[in-house]
Amino acid sequence: MTINPFHRNTETDKTSTFVVDRKFPHPDNLRLSTHALSVYIGGNPILKLVNVEIPKNKITCIIGPSGCGKTTLLRTFNRLVDTIEGVKLEGVVMLGDHDIVRAGATEITEIRRLIGLVPQRPCPLPMSIYENIAYGCRIHGISGRKKLDAIVEYYLRAVGLWDEVRDRLHTPASKLSGGQQQRLCLARSLAIEPSYLLADESTSALDPISSRTVEELFVKLKKDYSIVMVTHTLRQARRIADHVIFMYLGEVIEEGDADQVFNHPRHELTQQYLGGAFS
Amino acid sequence: MNRRRLKDRIAGYSMFILTISSLLLVVAMGIGLYLKAAPILEEHSLWDLLSASEWKPMKNQFGFFPFLMGTLWVSALALIIAIPISLLTAIYLTEYAHSMVRRFVYPFLDILAGLPSVIYGVWGMLLIVPWVANVAAPWVGRNTTGYTVMACGIVLGVTVIPLLVSLFIEIFSNVSHELREATFALGATRWQTTKHVVLRKTAPGIIAAIVLAASRVMGETIAVIMVCGNLAIVPGSLLDACYPIPALIANNYGEMLSMPLYESALMFAAFILFFVVLVFNLFSRLVLKKVKTD
């Protein structure tokens, strides 16, 4: 089963008879990058002059010890940092033409549509499996029973959940297992047609098998999405990362191709971290 | 060593006994009220008592229907006024307001919740009753003293708002932060999040809180006596006087000593109130507990 919501799935998925039309125009060259980004929470600098560029259609892993600002950086991309009291952003974060740091409330909802999030712990909304996916679509103005039916099926297939839940689409999503819930969360994010996917240690709360399933999904999805992943597990990063950002105390210490960073780290701190000197 | 253990045991047991006795007190109250109400139940059938409208204790006529309807009318009106206001206030405070606002408003709400109800009653007499008499009633072409279902409902509604707001706030605060973030991350606005996720998640809790507030409203006495008009009639509109059950008991208990059946009738009224409030409370506590553990 291949996933390809950008270009219709005629050639890839011959078994299905449904059609999902893109509701939103294809975002061609949305680049996500930061320039001199600093984030302060209650006056404390959490991120210091971060300059990164997220490569397209790759898995970018942000690694680093606890408290280095990985999650804050991730949550700056979709402005979820706003939920923290006393947060202050400086610098520039660009997503295509959107200036994320200076975006107003309406623009933020559009940015969040373009940048999906897969949470750390599976977090189904208090509604049915079907509604979990339809919810995001409705919010962004997609309606109509037939259309939603097709979208729900398409994205449940995309995360390999369709066959497991097709008979109980209208039962509460909370009845699913942890791994299934996490895949549902992924489907929920995909259904609003983002270009980027943020994953905040999205496999850390899952059992090894579910964790592997979700991980494999990310690898499949990078064909159509650019994925930014925060991970605590270096082994996971080694398995799936194409691009690596190593952070320490709110600064980007090293950034580059996965092979280069893991096998020939330039910076001493990176070497120490990869060597297990601290975690 | 042994002395320490002995003290510990004694402390444990005595506190246990005190706790149990406060529970037994409720049971004892229920039984006491029932026994006191028994004489009137022997003479009149339960249905007659509840459905008759004539309240003439001197003529041995005890119809509780006007009081039941009085309680029903003012409670319903109070809740209709209080629920939307409290719900929106709580939503504002938990979902929208800056923490500075919260820090300022929460203590204020606690003060309001702690105000003696007689103060709400005085405020009702000074402001609401004249407003009903001079503004609301003439506006629909009626003439009243102002001591009406309307005044009573408004005063009761205001009395119960702080309680409802703090219950709602507690319920909404129980919704996990992750859930809110999950819907924000999909691009939902705060209103969409509130409407589709927070309210849906907390629906059982909201109902329980409303039931709790309803039992509080039905039992409120002092503020009610001061503004309800105290006429044993079945109210036909918002601008009629009414006579809720707590007011009946509090107004008459002192003067009925010479008539055994009168006392029994009032105890019967108290028993109805006790029973309804107890059932409401238990129900809502159970639901609230379930909401919290989920």
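Computed from a predicted structure; not experimentally measured.

Things to note about the overall build of chain B
Helices and strands together make up the secondary structure of chain B, namely 11 helices and 2 strands. Going from the N terminus to the C terminus, chain B shows its helices and strands as α-α-β-β-α-α-α-α-α-α-α-α-α. Structurally, chain B occupies a C-alpha span of about 75 × 70 × 30 Å along its principal axes. Split into buried and exposed, the 294 residues of chain B put 39% on the buried side.

Notes on the overall build of chain A
Per the secondary structure count, chain A includes 10 helices and 11 strands. In chain A, 68% of the contacts between residues at least 6 apart in sequence involve partners at least 24 apart.

Remarks on the interface of chain B and chain A
Each partner contributes to the interface: chain B provides 17 residues, whereas chain A provides 21 residues. For the side of chain B that touches chain A, the elements supplying multiple residues, two or more each, are α7 (177-184) and α8 (190-219) of chain B. Residues belonging to the side of chain B that touches chain A are distributed by class as follows: 7 nonpolar, 6 polar and 4 charged.

Quick word on the environment of Ser128 of chain A
All names here are of chain A. Take Ser128: it is sitting in the loop between β7 (115-118) and α3 (129-139). C-beta crowding within 10 Å serves as the criterion here: with 19 such atoms nearby, Ser128 is assigned to the partly exposed category. A sequence separation of 11 residues divides Ser128 from Ile139, and the C-alpha atoms of the two residues are 16 Å apart.

A few points about the pairing of strand β8 (residues 196-200) of chain A
All names here are of chain A. A large share of β8 lies buried, amounting to 5 of its 5 residues. With 4 bridges joining them, β7 and β8 adopt parallel strand pairing. Bridging from a neighbouring strand, Ile115 pairs with Tyr196 of β8. Following the backbone out of β8, through helix α7 (residues 208-221) and into the adjacent parallel strand β9 (residues 226-230), one traces a crossover that is right-handed.

Observations regarding the sheet that holds strand β11 (residues 251-257) of chain A
All names here are of chain A. What the 6 strands build is an open sheet, ordered β7-β8-β9-β4-β10-β11; its pairing is mixed. Looking at strand neighbours, the two that pair on one side only are β7 and β11, the edges of this open sheet. With direction set aside, neighbouring strand axes in the sheet form an average angle of 20°. Against the sheet, helix α1 (residues 70-77) makes contact with β4 (59-63), β7, β8, β9 and β10 (243-248), and its axis sits at roughly 145° relative to β9, the strand it touches most.

Describing the pairing of strand β5 (residues 87-95) of chain A
Pairing between strand β1 (residues 32-41) of chain A and β5 of chain A: 8 bridges, direction antiparallel. Bridging from a neighbouring strand, Ser33 of chain A pairs with Met94 of chain A of β5 of chain A.

Some details on unusual backbone geometry
Negative phi is the rule for most residues except glycine; trans is the rule for most peptide bonds. All names here are of chain A. If you check the backbone angles, Arg79 has positive phi at about 60° while not being a glycine. As for its position among the elements, Arg79 is in the loop between α1 and β5. Unlike most non-glycine residues, Glu193 shows phi in positive territory, near 55°. Inspection of the secondary structure puts Glu193 in the loop between α6 (178-190) and β8.

A word on the packing of helix α4 (residues 99-114) of chain B against helix α6 (residues 149-173) of chain B
All names here are of chain B. Across the interface, α4 lies against α6 with an axial gap of 8 Å and an inter-helix angle of 135°. By the angle class used here, α4 and α6 are oblique. In the packing of α4 onto α6, the handedness of the crossing is left-handed. Between α4, through Leu109, Leu112 and Ala113, and α6, the contact on the second element is made entirely by Pro162, Leu163, Val165 and Ser166.

Remarks on the confidence of the model for chain A
Residues and elements named next belong to chain A. Looking at chain A, the pLDDT average stands at 86 and 90% of residues meet or exceed 70. The least confident element of chain A is α7, whose mean pLDDT is 89; the most confident is β4, at 94. Note on residues 1-18: pLDDT under 50 across the span, and 23 contacts to partners over four residues away in sequence or across chains.

Description of α1 of chain A
Residues and elements named next belong to chain A. For α1, a buried count of 7 out of 8 residues is recorded, marking the element as mostly surrounded by other parts of the structure. Taken as a whole, α1 has its buried residues at Lys70, Thr72, Leu73, Leu74, Arg75, Thr76 and Phe77. Just beyond α1, the residue with positive phi is Arg79, at close to 60°.

Considering the environment of Ser264 of chain B
Residues and elements named next belong to chain B. Residue position: Ser264 is located in helix α11 (residues 260-293). Distance in space between the C-alpha atoms of Ser264 and Gly153 is 28 Å, their sequence separation being 111 residues. With residues near it in sequence (within four places) discarded, Ser264 still touches Lys36, Ala37, Pro39 and Ile40.

Here is what the cut-offs are and how they apply
- Residues numbered from 1 in each chain as written.
- Chains lettered and ligands numbered in written order.
- Predicted model: local features only at pLDDT ≥ 70, side-chain atom pairs only at ≥ 80, totals over all residues.
- Helix = DSSP H or I, 4+ residues; strand = E, 2+ residues; numbered from the N terminus.
- Buried ≥ 20, exposed ≤ 12 C-beta atoms within 10 Å, placed from the backbone.
- Contact = placed C-beta atoms within 7 Å.
- Nonpolar A, V, L, I, M, F, W, Y, C, P; charged D, E, K, R; others polar.
- Pairing = 2+ DSSP bridges.
- Right-handed = clockwise from strand over helix to strand, strands pointing away.
- Axes fitted to C-alpha atoms, helices over the stretch in contact; angles between N-to-C directions.
- Parallel < 35°, antiparallel > 145°, perpendicular 65-115°, else oblique.
- Left-handed = near helix turned anticlockwise from the far one by under 90°.
- pLDDT = per-residue confidence, 0-100.

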